[in-house]
Amino acid sequence: MSESDSNQRLRIETSCPLQSAHTRLRQAHELWHRAAASYPFPEEFVLNLNQLITTLRQVTFMLQAQKHKIEDFESWYEVEWREKMRADPLMV
């Protein structure tokens, strides 16, 4: 990563009202690439995939904990997304 990329990421994260969730999403992105790169190595792949799933789940917990910072969070998350997930047979 170049220095300008790093500086840009830092500016975005420090200006984000949900900095911890934003940071965790960035970490999940890195884990996604690690899992993809380790696909030919089953044990390493499963380890990376499990960490990715755990990290992504933490994002939802962080968003819920910071919902007071998000305007209309309840209608967006509870009604729109949770209802969609409940209706999806793959999510149940």
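Before reading further, recall that the structure is shown in the block above.
These notes cover the structure that comes with them. Since the model is a prediction, treat every value here as computed from it, not as a measurement.

Take the nonpolar core next. Counting residues in hydrophobic clusters, the biggest one holds seven residues: L18, A21, V59, M62, L63, F73 and Y77. Elements with a contribution of two residues or more to this core: α3 (42-65) and α4 (73-87). Considering every element that reaches this core, the biggest residue donor is α3, with three residues. In this structure Y77 touches T60, Q64, R82 and M85, once residues within four positions along its chain are discounted.

Our focus in this paragraph is unusual backbone geometry. Of note, D72 is a non-glycine position whose phi angle comes to about 60°, a positive value. In this structure D72 comes out as exposed when scored by relative accessible area, which is 53%.

Rules used in this analysis
Residues numbered from 1 in each chain as written. Predicted model: local features only at pLDDT ≥ 70, side-chain atom pairs only at ≥ 80, totals over all residues. Heavy atoms only, no water. Core = buried A, V, L, I, M, F, W, Y, C linked by side-chain atoms within 4.5 Å. Buried < 20%, exposed > 50% of the residue type's maximum accessible area, 1.4 Å probe, protein only. Helix = DSSP H or I, 4+ residues; strand = E, 2+ residues; numbered from the N terminus. Contact = heavy atoms within 4.5 Å.

Functional significance is not addressed by these values, which are geometric in nature.
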